[in-house]
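Observations on chain architecture
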Amino acid sequence: MASSKSRTSSFSRNFSAASSPQTPGLKLGPNGSSFISSGIPDLDKILGGGFSLGSLVMVMEDADAPHHMLLLRNFMSQGLVHNQPLLYASPSKDPRGFMGTLPSPGSSKDEKSSKRESDQEKGLRIAWQYKKYDENQHNFDSHRDGRQEFSNDFDLRKPLDRQFLSGKQIDCVSTQDSSNLVALHNRCATFLSQFPRSNSTVPIVGRLAVQSLCSPQCGYSSMEWDMLSFVRSLKGMVRSSNAVAVVTFPSTLLSPSISKRWQHMADTLLSVKAIPDEDKELATLLTGYQDMVGLLNVHKVARINTQVPAILEATTYSIKLQRRRFLVLECLNQAPIDGTSGSSYGTSGGCSSSSKAGNLDF
Amino acid sequence: MEHGASPNLLDEAMGLLAGQVVLLEDSVEISASFVLHHLLKRSLSPQSSNVVVFLAFNHPFSHYDRILRKLGCNLVAQRDNNRFFFFDMLMLECPDGDREKTSGGGLIALYGKIQKVISALPQERKNSVIIMIDDVSLMEVAAKGSTNLVIDFLHYCDTLTSELGCSLVVLNHEDIYSSTERPSLILQMEYLAAVVIKAGPLATGLAADVHGQLTVLNRGIYDCQGSRYKSSNFHFKVRENSVEYFYPGSRT
């Protein structure tokens, strides 16, 4: 029986997986999984490597702020920079126009490394840190060619080069006024069929981005079970392809029960929330409040081929724009308690000159 | 259960799996799929004579195969030995409305296939079949929201438990139903089940050492005073190769 069938012992190794690091946009992960970058280096770290290939990432939108667009833009740009074909569906009349707002890779480390160069020239080299000076040279060179990195820092103020947008790799679909999901389903199926899972050495990876799937602008938005059916079908198709799908949806527009069903279908579930401007209470509670654009919550992390849950250090992160250009995610830090605001330590100073004549006046 | 290995808290609370309906409940925060994997491994162990029919709506075969391998169970070999029957339901779509009854598609056809598999088994195995469903909420989506079709299907499977002594292990997400006005599906399942295992988060939040808590309600066993069904509660930590179960605060 054993000779005619493939090896079924639990010790068989899958050698084909080892050769995929040839593609810079793909990273091997545990349990036979691979990662692609979300386009936000901090988010990749939080999720333990990036978005798992074959997973469905869902983002719950906040009606008050378009932060989910930040995630979508970086996700899409990262794919284009790595030559990964893209299918983008949105409820706008002209989804193609959105491509003009995609950010370009920049380097948030540019300033630091050039500063180090000038320090070096001053001739002060610390004897046991020669390695540091060697590494600087390497870093500076690799930043020139952002394509070779797994994950780029995207400069939200600089639009993506035309060369990335002109290829045939981008497909756009408008879901506005669609009376049902059949057309979208077929486009997704055709797109995903280009990335079958096989044991070939260099897998082509695809990215699928669906914006505001249950938005009221779409004609099908009242067909609850059809939408669920679509998401389930999409999840199944993505699972058997070398692709990642990111679907954002305004969860508050769904009934709580249906919203939970959507959440359960996600492999990775994130939500974004707006931070009110000039909220004095929040300002006293959190450090760096002024720089915060919003909050990101990680509810679920994809568990493909494993049963061990992902235990994160924190589930809520603040979204900040570093130098107003680069998206960073930081853990929330509680601000130190302000001792001077209380009345017990009055500003009037020492015992002898206290203006308040208390009972216990020493 | 394995001869010689000390039973863990979950096995003790559940008792033997024989001709019963077991309901696993979980939520977005904490998944109970590790309990399903544990029961699958237990049922396919060399000491037991069970046959497992697995209806997978959630993950493909490769996912379960990798996980069970780490737990020490080879699903491919069990499949080849006709002890493990895997139905990949990821893309199952039930036909609409009235056509369901006449065209034979969807859940009725599925039940027919299960019956066929069971009747083809050798006589001594017919009474020790375990049907596992991962998970029922996706079955509802496949049935386009016709909860009645799903309830009917579960009732059909339940008749197998009474006629043939088969067991039914079903996973569902209770947080989907907690906000509905008439949570009929989950209530019916809780009623049918002899054992209800609910996985939930700790009241104190996330922890690296304790992943959550399990509450097991076993209607087959009365508690010490004999006045009500036995209910157990304990914590768990999930690893690749095993799961640890321990009473709160007793982890060394």
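Residues numbered from 1 in each chain as written. Chains lettered and ligands numbered in written order. Predicted model: local features only at pLDDT ≥ 70, side-chain atom pairs only at ≥ 80, totals over all residues. Heavy atoms only, no water.

Moving on, we come to the overall build of chain B. Of the regular secondary structure elements, chain B holds eleven helices and nine strands. Across the 252 residues that make up chain B, the buried fraction comes to 54%. Across chain B, the fraction of contacts at a sequence separation of at least 24, relative to all contacts at a separation of at least 6, is 67%. (Helix = DSSP H or I, 4+ residues; strand = E, 2+ residues; numbered from the N terminus. Buried < 20%, exposed > 50% of the residue type's maximum accessible area, 1.4 Å probe, protein only. Contact = heavy atoms within 4.5 Å.)

Within chain A one finds nine helices and 14 strands. Taking contacts inside chain A between residues at least 6 apart in sequence as the whole, the part at least 24 apart equals 75%. Per element, the accessible surface of chain A, about 19000 Å² overall, is 52% carbon and sulfur. (Areas by Shrake-Rupley, 256 points an atom, 1.4 Å probe, with all protein chains shown as cover.)

Residues and elements named next belong to chain B. By the element assignment, serine 49 lies in the loop between α2 (33-43) and β2 (51-56). Exposure remark for serine 49: the relative accessible area of 41% places this residue in the partly exposed category. C-alpha of serine 49 to C-alpha of arginine 83: the two residues are 34 residues apart in sequence and 8.6 Å apart in space. Beyond its immediate chain neighbours, meaning those up to four positions away, serine 49 contacts Arg83, Arg125 and Ser128.

One full turn of an α-helix is made of 3.6 residues, so residues set three or four places apart face in the same direction. With respect to burial, helix α8 (residues 256-265) of chain A is a largely interior element, eight of its ten residues being buried. By the burial criterion, the buried members of α8(A) are Ser257(A), Ile258(A), Ser259(A), Arg261(A), Trp262(A), Gln263(A), His264(A) and Met265(A).

Listed as interface residues are 47 residues of chain B and, on the opposing side, 35 residues of chain A. When the buried area of chain B at its contact with chain A is split by residue, Val28(B), Arg66(B) and Val141(B) rank highest and sum to 19% of it. For the pair chain B and chain A, the number of links is two salt bridges. Measuring nitrogen to oxygen at the nearest pair gives 3.0 Å for the salt bridge that ties Glu140(B) to Arg261(A). Linking chain B to chain A there are 16 residue pairs in polar contact (both at pLDDT 80 or more). Only α2, α3 (61-71), α4 (75-80), α8 (136-142) and α10 (174-177) of chain B provide two or more residues apiece to the side of chain B that touches chain A. (Buried area = accessible area lost by both parts, 1.4 Å probe. Salt bridge = Lys/Arg side-chain N within 4 Å of Asp/Glu carboxyl O. Polar contact = N/O pair within 3.5 Å; in protein donor to acceptor, adjacent residues only side chain to side chain.)

This paragraph deals with the sheet that holds strand β1 (residues 27-28) of chain A. All names here are of chain A. Spatially, the three strands line up as an open sheet ordered β1-β2-β3, and their pairing is antiparallel. Lying at the two open borders of the sheet, with one neighbouring strand each, are β1 and β3 (51-52). Inspection of the sheet shows strand β2 (residues 34-36) paired to β3 by two bridges, in the antiparallel sense. Considered in β3, the bridge of phenylalanine 35 is made with serine 52. (Pairing = 2+ DSSP bridges.)

In a packed pair of helices, the relevant descriptors are the angle between the two axes and the axis-to-axis distance. Residues and elements named next belong to chain A. Between helix α6 (residues 182-192) and helix α7 (residues 224-239), the least distance of the axes is 10 Å, while the angle of their chain directions is 5°. Judged by the angle between their axes, α6 and α7 are roughly parallel. Contacts between α6 and α7 involve Leu184, His185, Cys188, Ala189 and Leu192 from the former and Phe230, Ser233, Leu234, Met237 and Val238 from the latter. Residues of the contact of α6 with α7, tallied by class, amount to eight nonpolar, two polar and no charged. (Axes fitted to C-alpha atoms, helices over the stretch in contact; angles between N-to-C directions. Parallel < 35°, antiparallel > 145°, perpendicular 65-115°, else oblique. Nonpolar A, V, L, I, M, F, W, Y, C, P; charged D, E, K, R; others polar.)

Read these as layout, nothing more, since geometry by itself doesn't imply function.
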